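Understanding the architecture of this molecule
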Amino acid sequence: ALDDERRWYRYHHLFAAALRARLAAAGGPPAALLHRRAGDWLAARGLQHEAIDHLLAAGAFEPGADLIERVAIATVMQGAWQTLSSWLDALPGSLLRARPRLCVIQALLQLDGYTADRVESYLHDAERALHNAQPRDDDRNTWGEIAALHAMVAALRGDATAIVAHAHEALACLDVE
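Residues numbered from 1 in each chain as written. Predicted model: local features only at pLDDT ≥ 70, side-chain atom pairs only at ≥ 80, totals over all residues. Heavy atoms only, no water.

**Describing the overall build of the chain**
Helix and strand counts for the chain stand at 10 helices and zero strands. Reading the chain from its N end, one meets helices and strands in the order α-α-α-α-α-α-α-α-α-α. The C-alpha radius of gyration computed for the chain amounts to 20 Å, which surpasses the reference 16 Å derived for 177 residues by more than 25%, pointing to a less compact arrangement than a globule. Reported as C-alpha extents along the three principal axes, the dimensions of the chain are approximately 65 × 35 × 30 Å. Taken over 177 residues, the chain has a buried fraction of 34%. Long-range pairs, those at least 24 residues apart, make up 48% of the contacts in the chain between residues at least 6 apart in sequence. If you average the places of the 17 positive and of the 23 negative side-chain charges in the chain, the two averages end up 11 Å apart. (Helix = DSSP H or I, 4+ residues; strand = E, 2+ residues; numbered from the N terminus. Rg over C-alpha atoms; globule rule 2.2 N^0.38 Å. Buried < 20%, exposed > 50% of the residue type's maximum accessible area, 1.4 Å probe, protein only. Contact = heavy atoms within 4.5 Å. Lys, Arg positive; Asp, Glu negative; His and termini not counted. Charge placed at Lys NZ, Arg CZ, Asp CG, Glu CD.)

**Re the nonpolar core**
Counting residues in each nonpolar core, the largest one holds 34 residues, and the members touching the most others are I68, L84, L88, L91 and L102. Of all the secondary-structure elements, those providing two or more residues to this core are helix 3 (48-58), helix 4 (61-77), helix 5 (81-90), helix 6 (93-98), helix 7 (100-111), helix 8 (116-132) and helix 9 (139-157). Tallying contributions element by element places helix 7 first for this core, with seven residues. Apart from residues no more than four positions distant in its own chain, L84 is found in contact with I68, A72, T75, V76, I105 and L109. (Core = buried A, V, L, I, M, F, W, Y, C linked by side-chain atoms within 4.5 Å.)

**Observations regarding the pattern of salt bridges**
The final tally for this structure, using the stated rule, is nine salt bridges. Salt-bridge contacts for R157 lead to E120; the nearest nitrogen and oxygen are separated by 2.8 Å. Linking R157 in helix 9 with E120 in helix 8, this pair joins segments that are 37 residues apart in sequence. According to the relative accessible area criterion, R157 is partly exposed, its value standing at 44%. Classification of E120 as partly exposed rests on a relative accessible area of 22%. As a salt-bridge pair, D138 and R136 come within 3.5 Å of each other at their nearest N and O atoms. A relative accessible area of 45% means that R136 is categorised as partly exposed. (Salt bridge = Lys/Arg side-chain N within 4 Å of Asp/Glu carboxyl O.)

**A short note on the side chain of D139**
Assignment of secondary structure puts D139 in helix 9. Summary of buried charges: D139 has no salt-bridge partner, and the nearest side chain of opposite charge, R136, is 5.0 Å away. There is a polar contact of 3.0 Å between the side chain of D139 and the backbone nitrogen of R136. (Polar contact = N/O pair within 3.5 Å; in protein donor to acceptor, adjacent residues only side chain to side chain.)

**Regarding a nonpolar patch on the surface**
On the surface, a nonpolar cluster with roughly 410 Å² of combined accessible area is contributed by Y9, Y11, F15 and L19. Tracing the chain through its elements places L19 in helix 1 (residues 13-26). (Patch = residues over 30% accessible without salt bridge, like charges linked within 9 Å, V, L, I, M, F, W, Y side chains within 5 Å. Areas by Shrake-Rupley, 256 points an atom, 1.4 Å probe, with all protein chains shown as cover.)

What follows is the structure in structure tokens.
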């Protein structure tokens, strides 16, 4: 038990493997259905990271992507870049490219490796997705984030003129005080 109320448990990995094998052999509910139920249950209790893992394992990519968008910045601030990267890698590429926020997050992750071309590729995907998506309240901020990342790419390339232009564009769009 992980708590005094004996509601949360951690199982030994061999016992967990035995339970999974027994489930598969018994012909019970498919693992994807169980993952989906677990993901929904965890999300309803505010355990987003755990919920994302189960939703992605279930193939429930849309609700998983929704949660990723909600927790991405906090996940980056916690230094869990690899976790965020693995979640994005688990999403279908077409879904990732259709969601501007996910493209911006992916571009941000690419900055860590100083791969300016890959960052720009995701920024172009984000711009295209913003043009094609239904307008949202946070679109202006997303445009500002895209401009800020373009400024960072310009910095990697040593292009001072582009840095200034993109930085001004970012400041005009972002909610900063």
